[in-house]
Amino acid sequence: MKQAYNFDTVNEYNDFNNHETLHPLVSILDFSKAHPRTGSRMNFGLYCIFLKEAKCGDLKYGRHTYDYQEGTLVFIAPGQVIDVENKVDIYQPMGHGLVFHPDMIRGTSLAKTIQDYSFFGYNSNESLHLSTRERQLVLDCFSKIQYELQQSIDKHSKKLIASNIELFLNYCDRFYDRQFITRDNVNRGILEKFEELLNGYFTSEKPQNIGLPSVASCAEELNLSPNYFGDLIKKETGKSAQEYIQNKIIDIAKSKIFDTQKTVNEVAYELGFKYPQHFTRFFKQHVGQTPNEYRTLNHLN
């Protein structure tokens, strides 16, 4: 029988890790204080950021398995589930963590921007790998939050804690930008695979059977989360993944329209549009002409 835990409050997660609860909505954890344990499945109703400093078993996050390395940050949002594959060997958790309940940030500026931190939707195999200096900065951010938790709660507490969490997340945004740049060769490889994927898609029967390709389906084919995939394509090309797909559709549409043996309706169905009028509207939005106008003008020239 798999052991499973549900953590909907900060106090529940503190108890699990042998920590005193200093604030009902937020906690900084030192996992070395936790009792040795075996792996388990954990359902979170909290935001969690873990800085791992020891191998603690293969982590299954969604359908992907990830080997926890030292010095990695993993981000978990409410409603997400993680599962440590090895449920036999006992290990001593090590590292640090920040957990906070969604109520912690309600009414603050962070509540309006929390959805912009797309790394909360990344797969665990897209974790943030820190340099020594970055790791120290993370620990400094945790230390400032911990300092505030040790003070008496007053009217300033929520704003100060939330702003420190926001500062920390902004640093993480910067670190991920650095990671995208330092992994430029890997990223270019993914961009090439994306291009090959789209070319293959439109030379197959998939458009007629499935419809237009989506960002989510392309990300799944490349074993990436939609958020990470979207951010990677944006940083590599300056365009969103959706824009990239749309540009590919327009390029192929233009080529097909040149073939006067095909009607515009046939071109629309070959590309995966359910209704020809949707294709005509889509084409005009991007090209400034209807498919028929484009065909006529280009055959006149």
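Refer to the structure presented above.
Notes on the structure in this doc start here.

Definitions and cut-offs
Residues numbered from 1 in each chain as written. Predicted model: local features only at pLDDT ≥ 70, side-chain atom pairs only at ≥ 80, totals over all residues. Heavy atoms only, no water. Buried < 20%, exposed > 50% of the residue type's maximum accessible area, 1.4 Å probe, protein only. Helix = DSSP H or I, 4+ residues; strand = E, 2+ residues; numbered from the N terminus. Pairing = 2+ DSSP bridges. Contact = heavy atoms within 4.5 Å. Axes fitted to C-alpha atoms, helices over the stretch in contact; angles between N-to-C directions. Salt bridge = Lys/Arg side-chain N within 4 Å of Asp/Glu carboxyl O.

With respect to the pairing of strand β3 (residues 41-44)
Inference 1: Judged by which residues are buried, β3 turns out to be one-sided: Met42 and Phe44 face inward and are buried, whereas Arg41 and Asn43, on the alternate face, are not.
Inference 2: Pairing of strand β1 (residues 4-7) with β3 involves four bridges; the strand directions are parallel. When the sheet's bridge partners are listed, phenylalanine 7 is paired in β3 with phenylalanine 44.
Inference 3: By the bridge criterion, three bridges tie β3 to strand β8 (residues 81-84) in an arrangement that is antiparallel. Of the residues in β8, the one forming a bridge with asparagine 43 is valine 81.

Overview of the sheet that holds strand β4 (residues 47-52)
Pairing between sheet strands relies on hydrogen bonds along the backbone, with the strands arranged either parallel or antiparallel.
Inference 1: If you trace the five strands from one edge of the open sheet to the other, you get β2-β9-β4-β7-β10, paired in antiparallel fashion. In the strand order of this sheet, the two ends are held by β2 (26-30) and β10 (128-129), each with one partner.
Inference 2: Where β2 and strand β9 (residues 95-100) come together, five bridges link them in antiparallel fashion. Note on β9: the bridge partner recorded for leucine 29 is glycine 97.
Inference 3: Running at roughly 130° to β2, helix α3 (residues 132-149) makes contact with β2, β4, β7 (72-76), β9 and β10 of the sheet.

Examining unusual backbone geometry
Inference 1: For asparagine 18, which is not glycine, the phi torsion reads 65° and is therefore positive.
Inference 2: Along the chain, asparagine 18 turns up in the loop between α1 (10-16) and β2.
Inference 3: Given the relative accessible area of 41%, asparagine 18 is considered partly exposed.
Inference 4: The phi angle at asparagine 223 is positive, at roughly 60°, despite the residue not being glycine.
Inference 5: Tracing the backbone through its elements, the reader meets asparagine 223 in the loop between α7 (215-221) and α8 (226-237).

Things to note about the pattern of salt bridges
Inference 1: Counted under the stated rule, the structure contains six salt bridges.
Inference 2: The partner of arginine 106 in a salt bridge is aspartate 103, and the shortest N-O contact between them spans 2.6 Å.
Inference 3: Take aspartate 103: its relative accessible area is 33%, and that puts it in the partly exposed class.
Inference 4: Ionic pairing is found between glutamate 270 and lysine 256, a salt bridge with its closest N-O pair at 2.7 Å. Of the two residues, glutamate 270 is situated in helix α10 (residues 264-271) and lysine 256 in helix α9 (residues 241-258); the sequence distance between them amounts to 14 residues.
Inference 5: Judged by its relative accessible area of 22%, glutamate 270 falls in the partly exposed class.
Inference 6: For lysine 256, a relative accessible area of 18% corresponds to the buried category.
Inference 7: Here the residues in one salt-bridge network are Lys256, Lys262 and Glu270, joined through shared partners.

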